[in-house]
Amino acid sequence: QVQLVESGGGLVQAGGSLRLSCAASGGTFSRYAMGWFRQAPGKEREFAAAISGSGGLVTYYADSVKGRFTISRDNAKNTVYLQMNSLKPGATAVYYCAARFGVLTTRRTDEYDDWGQGTQVTVSS
């Protein structure tokens, strides 16, 4: 089991950028594939981005964020990042990071083992 703590959320104007961080502890971070998900009020949690375990050579994005969001990882810092550019009001949500033991990525929420508490992102128009 790994503990996850997200940070970096906040209020930003449409078109702006934010970088979310997720610090992991309690496990060998490089052995986990990592994902970012988001949940808007009244909606189900949805996949945003994922990165494979080990060196993070494989990344995977939802169509809605492709080209604007970038996921990356720093195994030396036990941290995964989500760089979000050209933010739209529809991106307003609580953003969660999640860990899945193993190398392979997935967009399925039920295939992740551990979750953080989330960080609020609000995009104003």
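One numbering rule holds for all chains: residues counted from 1, following each sequence as written. Selection of residues for local features in this predicted model requires a pLDDT of at least 70, selection of side-chain atom pairs for listing and counting requires 80 or more, and totals for whole chains, interfaces and linings are taken over all residues. Just so you know, side-chain values use all the structure's heavy atoms and leave hydrogens and water out.

**Considerations on the state of the cysteines**
Okay, step 1: Two cysteine sulfur atoms make up a disulfide if the distance between them is within 2.5 Å. Per the stated rule, a full pass over the model turns up 1 disulfide.
Okay, step 2: Between the sulfur atoms of Cys22 and its disulfide partner Cys97 the distance amounts to 1.9 Å. A torsion of 40° about the S-S bond marks the disulfide between Cys22 and Cys97 as right-handed. Of this pair, Cys22 sits in strand E3 (residues 18-25) while Cys97 sits in strand E9 (residues 93-101), and the two are 75 residues apart along the sequence.
Okay, step 3: Owing to a relative accessible area of 0%, Cys97 belongs among the buried residues under this scheme. Helix and strand definitions follow DSSP, with helices as H or I runs of at least four residues and strands as E runs of at least two, each counted in order from the N terminus. Remark: exposure states derive from per-residue accessible area (1.4 Å probe, protein chains only) relative to the maximum for the residue type, with buried under 20%, exposed over 50%, and partly exposed in between.

**Remarks on the nonpolar core**
Okay, step 1: Buried Ala, Val, Leu, Ile, Met, Phe, Trp, Tyr and Cys residues that are joined via side-chain atoms within 4.5 Å together make up what is termed a nonpolar core. In terms of nonpolar packing, the biggest core is built from 36 residues, with Met34, Trp36, Leu82, Met84 and Tyr95 touching the most fellow members.
Okay, step 2: At the level of elements, E3, strand E4 (32-39), strand E5 (46-51), strand E7 (69-74), strand E8 (79-84), E9 and strand E11 (119-124) are the ones that each hand at least two residues to this core.
Okay, step 3: Residues are treated as being in contact if the distance between any of their heavy atoms lies within 4.5 Å. With residues near it in sequence (within four places) discarded, Leu82 still touches Leu18, Arg19, Leu20, Trp36, Ala49, Phe69, Thr70, Ile71 and Tyr95.

**Notes on the sheet that holds E3**
Okay, step 1: Sheet architecture is open: 4 strands sit in the order E1-E3-E8-E7, paired in antiparallel fashion. On the outer flanks of this sheet lie strand E1 (3-7) and E7, each paired with one strand and no other. Strand-to-strand twist across the sheet, computed as the mean angle between neighbouring axes with direction ignored, equals 15°.
Okay, step 2: The pairing criterion is simple: DSSP has to find at least two bridges between the two strands. Bridge count for E7 against E8 is 6 bridges, and the pairing is antiparallel. When the sheet's bridge partners are listed, Asp74 is paired in E8 with Thr79. The axes are straight lines fitted to the C-alpha atoms, using for helices just the contacting stretch, and the angles between their N-to-C directions are given from 0 to 180°.

**Description of the packing of aromatic side chains**
Okay, step 1: Ring pairs shown here join Phe, Tyr and Trp side chains whose ring centres sit within 6.5 Å, with only the six-membered ring taken for Trp; geometry is labelled stacked below 30 degrees between planes, edge-to-face above 60, and tilted in between. The tally for this structure, following the rule as stated, stands at 6 aromatic pairs.
Okay, step 2: A ring pair is formed by Phe37 and Phe47, whose centres lie 5.7 Å apart and whose planes are at 70°; its orientation type is edge-to-face. Residue Phe37 is located in strand E4, and its partner Phe47 is located in strand E5; the two are separated by 10 residues in the primary sequence.
Okay, step 3: Classification of Phe47 by relative accessible area gives buried; the value is 6%.

**A closer look at the pattern of salt bridges**
Okay, step 1: Definition used for salt bridges: Asp or Glu carboxyl oxygen within 4 Å of a side-chain nitrogen of Lys or Arg. Under the counting rule described, the total for this entry stands at 5 salt bridges.
Okay, step 2: Where Lys66 meets Asp63, a salt bridge forms, and the shortest distance between an N and an O atom there is 3.2 Å.
Okay, step 3: The class for Lys66 is exposed, based on a relative accessible area of 52%.
Okay, step 4: The salt bridge involving Asp110 is made with Arg108; its shortest N-O contact spans 2.7 Å.
Okay, step 5: In this structure Arg108 comes out as partly exposed when scored by relative accessible area, which is 44%.
Okay, step 6: When salt bridges that share partners are traced, they join Arg100, Arg108, Asp110 and Glu111 into one network.

**Digging into unusual backbone geometry**
Okay, step 1: Even without being glycine, Asn78 reaches a positive phi, approximately 55°.
Okay, step 2: Within the secondary structure, Asn78 is located in the loop between E7 and E8.
Okay, step 3: You can call Asn78 partly exposed: its relative accessible area is 27%.
Okay, step 4: Backbone geometry places Ser86, a non-glycine residue, at a positive phi of 50°.
Okay, step 5: For Ser86, the location among the structural elements is in the loop between E8 and E9.
Okay, step 6: Taking the relative accessible area as the measure of exposure, Ser86 reaches 40% and is therefore partly exposed.

Honestly, that's just the spatial picture; any functional story needs more than this.
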